[in-house]
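# Structure assessment
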Amino acid sequence: MSVYDYSLKTPQGDEISLANYKGKVLLIVNTATGCGFTPQYTDLEQMYADLHEKGLEIIDIPCNQFAGQTPGTDEEIHEFCTLKYNTEFPQMTKSDVNGENELPLYTYLKSQKGFEGFGKGPKAFAMSAMLKTIDKNYKTSPAIKWNFTKFLVDRQGNVVSRFEPTEDMKNVRAAVEKLL
C-alpha cells in the first residue's frame with residue numbers, strides 16, 4: 001500500500017485519487033475553523049503560494065473531532081477559509097481522522113508515522129496537559145491528537161514526517177522545501 005492507493009471526497013462529492021498527485025510533495029492537514037491553531041492557515045496558504053509551482057500540494061481535510069471546533073457545513077468551512085485566509089489549496093469534505101469512521105487514508109498515515117510528542121515550549125506543554133485529562137495513555141497511541149496535525153509525503157509517495165500542531169510552521173516549511 002502507498003498513499004496513492006487512497007482517495008478523498010471533495011465537498012461537491014467528487015472522488016479524488018491521491019494517485020493524481022504522483023510526483024508532487026504532499027502536505028496533508030486535518031484542519032478546523034475555530035481552533036487556536038486556525039491561524040496556521042496563513043502560513044499554509046503562503047507556503048502554497050510560494051511553493052505550488054515547484055511541486056507542493058496541500059490537502060486540507062476539515063475535521064470536527066476535536067472539541068467541536070469545525071461545526072459548519074463543507075460550504076461554510078470553505079467560505080470561512082477563502083474569505084478569512086484566502087486559501088487556494090484543495091479542501092476536501094469534512095471527515096473523521098480517528099475512530100470507527102476515520103478515513104482509510106488516516107489509518108494508513110498513522111501506521112506510517114505515529115505520535116512522537118509535542119516538542120517543547122508553552123503550546124507543547126499546554127497540549128500535553130490537556131490531553132492527559134482526556135486520555136492518560138495518549139503518548140502511546142498513534143491517533144491524531146488535535147487539529148492541524150500534518151503529514152509530509154515525498155514525491156515517491158513515502159510518508160516522511162508527521163508534524164503535530166505545536167510544531168513551528170517555519171520547521172514545517174523547511175522540511176517541505178528540502179523535498180522540493
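These lines cover the structure that appears in this document, whether it is placed above or below. Counting starts from 1 at the beginning of each chain's written sequence and moves along it residue by residue. Local features in this predicted model are restricted to residues of pLDDT 70 or higher, and side-chain atom pairs are both shown and tallied only at a pLDDT of 80 or more, whereas totals for entire chains, interfaces and linings draw on every residue. The basis for every side-chain value is the complete set of non-hydrogen atoms in the structure, without hydrogens or water.

### Remarks on the environment of Asp74
Here is the rule: Each helix corresponds to a stretch of at least 4 residues labelled H or I by DSSP, and each strand to a stretch of at least 2 residues labelled E; elements are numbered beginning at the N terminus. Here a polar contact means two N or O atoms within 3.5 Å. Within protein one must be a hydrogen donor candidate and the other an acceptor candidate, and residues neighboring in sequence count only if both atoms are side-chain atoms.
Considering the arrangement of structural elements, one finds Asp74 in helix α2 (residues 74-85). Only 2.4 Å separates the side chain of Asp74 from the side chain of Thr93, close enough to count as a polar contact.

### Focus on the nonpolar core
Rules: As used here, the term nonpolar core means buried Ala, Val, Leu, Ile, Met, Phe, Trp, Tyr and Cys residues forming a set that is joined through side-chain atoms within 4.5 Å. Exposure categories follow from relative accessible area, calculated using a 1.4 Å probe and restricted to protein chains: below 20% of the type maximum is buried, above 50% is exposed, and the middle band is partly exposed. Contacts are assigned to residue pairs with any non-hydrogen atoms lying within 4.5 Å of each other.
Membership of the largest hydrophobic core comes to 54 residues, with the highest contact counts inside it found for Leu27, Ile28, Leu44, Met47, Ile61, Leu105 and Tyr106. Excluding residues that lie within four positions of it along the chain, Leu27 makes contacts with Leu44, Met47, Leu56, Glu57, Ile58, Ile59, Lys150, Phe151, Leu152 and Val172.

### Side note on helix α1 (residues 40-51)
Residue pairs spaced three or four apart in an α-helix point in one direction, given the helix's 3.6 residues per turn. We count it as follows: Under the convention used throughout, the expected extent of a helix is 1.5 Å for every residue step, that is, one less than its residue count. Picture the helix axis, draw a direction to every C-beta atom, and the arc is the one those directions span.
The terminal C-alpha atoms of α1 lie 16 Å apart, and with 12 residues this matches the ideal 16 Å at 1.5 Å per residue to within 8%. Listed as buried for α1 are Gln40, Tyr41, Leu44, Glu45, Met47, Tyr48 and Leu51. The arc that holds the buried residues of α1, viewed along the axis, is 160°, so those residues lie on one side. Packing partners of the buried residues in α1 comprise β3 (25-31), β4 (56-62), α2, β5 (150-153) and α5 (169-179).

### Considerations on the packing of α1 against α5
In plain terms, the rule: As a rule, the C-alpha atoms of each element are fitted with a line to give its axis, helices using only the stretch in contact, and angles between N-to-C directions run from 0 to 180 degrees. Any angle that is under 35 degrees is reported as roughly parallel, and any over 145 degrees as roughly antiparallel; angles of 65 to 115 degrees are reported as roughly perpendicular and all others as oblique. Crossing handedness is read from the near helix: turned anticlockwise from the far helix by less than a right angle, it gives a left-handed crossing, and turned clockwise, a right-handed one.
Running from N to C, α1 and α5 cross one another at 25°; their axes reach a closest spacing of 11 Å. By the criterion of interaxial angle, the relationship of α1 to α5 is roughly parallel. For the pair α1 and α5, the sense of crossing is right-handed. Residues Gln40, Asp43, Leu44, Gln46, Met47, Asp50 and Leu51 of α1 pack against Met169, Val172, Arg173, Val176 and Glu177 of α5.

### Looking at the pairing of β3
For a regular strand, the rule is simple: side chains alternate between the two faces of the sheet. Definition in use: When DSSP locates at least two bridges between a pair of strands, those strands are taken to pair.
Burial of β3 is extensive: seven of the seven residues sit out of reach of the surface. Residues Val25, Leu27, Val29 and Thr31 line one face of β3 and the alternating positions Leu26, Ile28 and Asn30 line the opposite face, and both faces are buried. Sheet topology places β3 next to β4; seven bridges connect them, and they run parallel. Bridged to Leu26 within β4 is Glu57.

Bear in mind that shape data such as this cannot, by itself, settle questions of function.
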